[in-house]
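# Examining the three-dimensional arrangement
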Amino acid sequence: MVYKTGVDGIHEGMLTGFFVGWPDVPDPQTHLRLLQNSDKRVLAIDESNGRVVGFITAITDGVLSSYIPFLEVVPEYQERGIGESLVERMLEELKGIYMIDVMCDEELQPFYERLGMQRSQGMIIRNYHRQSGK
């Protein structure tokens, strides 16, 4: 597995199999734009086939705050430590930032706790009609 923080050389054909279970999945063009426009990102790439198999993104002011909106690993690559490695690499990218926030479903909280994060309360708005990014 190769991990990279840039999107040079990444194209839409490398971004398949993500957003499983979403009723309105972003297409690969929108996914690539999401990666390009994120302040920080780490990609996991399978060297054997050149496919992006995992990614994590962060939005940050670079001073005090950051938010991790996405961590995704395609299903056939899960349970191999890729998600954990993506989080660890992103936390290294965000080293020195006062607050690093993640909102996730309750069943995912133990995963993040194992990586040193603590549970918190939060509020959200979800505009599901915009879920595909269009």
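Residues numbered from 1 in each chain as written. Predicted model: local features only at pLDDT ≥ 70, side-chain atom pairs only at ≥ 80, totals over all residues. Heavy atoms only, no water.

Looking now at the overall build of the chain. For the chain, the helix and strand inventory stands at three helices and five strands. In the chain, the order of α-helices and β-strands from amino to carboxyl end is β-α-β-β-β-α-β-α. A principal-axis box enclosing the C-alpha atoms of the chain has dimensions of 35 × 35 × 30 Å. The 134 residues of the chain split such that 37% are buried. Element-wise, carbon and sulfur atoms account for 48% of the exposed surface of the chain, whose accessible area totals about 8300 Å². On the chain, the mean spot of the 13 positive side-chain charges and the mean spot of the 20 negative ones are 3 Å from each other. (Helix = DSSP H or I, 4+ residues; strand = E, 2+ residues; numbered from the N terminus. Buried < 20%, exposed > 50% of the residue type's maximum accessible area, 1.4 Å probe, protein only. Areas by Shrake-Rupley, 256 points an atom, 1.4 Å probe, with all protein chains shown as cover. Lys, Arg positive; Asp, Glu negative; His and termini not counted. Charge placed at Lys NZ, Arg CZ, Asp CG, Glu CD.)

This paragraph deals with the packing of aromatic side chains. Throughout the structure, instances matching the rule amount to seven aromatic pairs. With 6.0 Å between their ring centres and 90 degrees between their planes, F19 and F70 make a pair best called edge-to-face. Linking F19 in the loop between β1 (2-4) and α1 (28-37) with F70 in strand β4 (residues 65-73), this pair joins segments that are 51 residues apart in sequence. For the ring pair F111 and Y112, a centre distance of 5.1 Å and an interplane angle of 80 degrees mean the geometry is edge-to-face. Given the relative accessible area of 10%, Y112 is considered buried. Joined through ring pairs, the aromatic side chains of F18, F19, W22, F55 and F70 make up one cluster. (Phe/Tyr/Trp six-rings, centres within 6.5 Å; stacked < 30°, edge-to-face > 60°.)

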